[in-house]
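# Observations on chain architecture
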Amino acid sequence: MNPPPLDRLLPAYVRGFEPYIPSKPDAELMRLYGCAQLHRLNNNENVLGPPPAAQEAIRGFSPPLAALYPSGDAWHLRQRLANRFGKDPDQFLVGNGANEVIGFVIKAFCEPGDNIVTADKTFAVYEWFATFSGIEARLVPLRDHGFDDQGMLDAIDARTKVLFVCNPNNPTGTYWDRDRLSRFLERVAGERIVVLDEAYCEFVEADDFPDGMGLIDDYPNLVIFRTFSKMYGLAGLRIGYLAGSLDLVNAIRRTCIVYSVNALAQLAAVAAVDDDAHVARTRALVRESKGLLREEVTQLGLPYVAGEGNFMMIQLPMSDTLAYRRLLHQGFMIRSMTGFRFPNWIRVSLARLEVMEGFVAALRTLISR
């Protein structure tokens, strides 16, 4: 049988899209790069793991439950989220990681010919999902490493449906404070959907950082994204959610894939969501590690960006992809940033002090070659 005519079958906007290739499994990387251990500093995972109650829930998961379909709409988790944030359970939609809820929103509001607006150097999945769905992604350059509110407003036209703001921004850690976000929402005037991605909000300690959940009642066009992958250490189970006004969430529900979140993820998230002590422990670790890394890279004379979140960006006097390979040989996996449009920069997830000290030694070796 002849191969299918892919050039004819694939839409042009899919043919032109470059697939993302994830990194190989740790054991394979260790074999390829000849390192005895590997520290993952590339995905902003929480080195403390899940909160204790979530760990207990995972250990207690009964294997026969794996044969049963999970709650199709994460019923118990939505009750818990509603209780925590003082909202109706139907104001939440749970997805297979925050990546899936990005798709829910774009599919609900956009069709070919429409556009979304976001920054050029931010979490790339907004742009990717729009592009391979035939939707134009309008990318506004960052200003001083932060989202440019006026630039985003200027990019709006009659076909703009959704504006994505990552707050704090991944990878720069910059954020809009309460006043700036409110001014932006007022100027959008409810005419477009505004998504506030708060994947890293639990790491922020600044007093003027806005609480997106508290703005939903005032701005019924506002959608909040949050995840259990970062602060709550459940990245391997893939679970995130969105929240908004009841009418808005009911509209998005039309494109929500039910039964996409597995039972173990739902169980662990229910156990994790109220553990504020875990948040405090993680913040303390991140604060200490960030302080150490800032001091060390300053001594090395390397420019860096250290905003909010459990990561830092460092500029290198060499190719970031070459640095990625050389650091892997020393047992440290970082994020090379050319794909984020930051050539010669790396992003480093913050881990325990002893790991960061090892990374600094590897970095010193790297730049002294």
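Keep in mind it's a predicted model, so treat the numbers as computed, not measured.

What follows concerns unusual backbone geometry. In terms of backbone geometry, most residues other than glycine have negative phi values and most peptide bonds are trans. Along the chain, Asn 167 connects to Pro 168 via a cis peptide bond; the corresponding omega equals 0°. Looking at where Pro 168 falls in the secondary structure, it is placed in the loop between strand E5 (160–166) and helix H9 (178–188). The backbone of Ala 74 shows a phi angle near 50°, a positive value even though the residue is not glycine. On the secondary structure map, Ala 74 appears in the loop between helix H4 (52–59) and helix H5 (75–85). In this structure, Arg 238 takes a positive phi of about 60° despite not being glycine. Mapping Arg 238 onto the fold places it in the loop between strand E7 (222–227) and strand E8 (240–243).

It is worth spelling out the domain arrangement of the protein chain at this point. Split into domains, the protein chain comes out as domain 1 (6–49 + 276–368) and domain 2 (52–271). Relative to domain 2, the C-alpha centre of domain 1 lies at a distance of 24 Å. Taken together, the contact pairs 29 residues of domain 1 with 33 residues of domain 2. Interface area for domain 1 against domain 2, summed over the two sides, is near 2,700 Å², with a carbon-plus-sulfur share of 61%. Looking only at domain 1, the three residues that lose the most surface to domain 2 are Phe 17, Glu 308 and Arg 341, adding up to 24% of its buried area. Scanning the region where domain 1 abuts domain 2 turns up three salt bridges. Among the salt bridges present, the one from Arg 341 reaches Glu 127, with a minimum N-O distance of 2.9 Å. Contributing elements (two or more residues each) for the side of domain 1 that touches domain 2: helix H2 (12–15), helix H12 (276–299) and strand E10 (311–315). A per-element tally of the side of domain 1 that touches domain 2 places H12 first, with eight residues. Of the residues that constitute the side of domain 1 that touches domain 2, the class distribution is 13 nonpolar, nine polar and seven charged.

Parameters and conventions
- Residues numbered from 1 in each chain as written.
- Predicted model: local features only at pLDDT ≥ 70, side-chain atom pairs only at ≥ 80, totals over all residues.
- Heavy atoms only, no water.
- Helix = DSSP H or I, 4+ residues; strand = E, 2+ residues; numbered from the N terminus.
- Domains from an automatic or database assignment.
- Contact = heavy atoms within 4.5 Å.
- Buried area = accessible area lost by both parts, 1.4 Å probe.
- Salt bridge = Lys/Arg side-chain N within 4 Å of Asp/Glu carboxyl O.
- Nonpolar A, V, L, I, M, F, W, Y, C, P; charged D, E, K, R; others polar.

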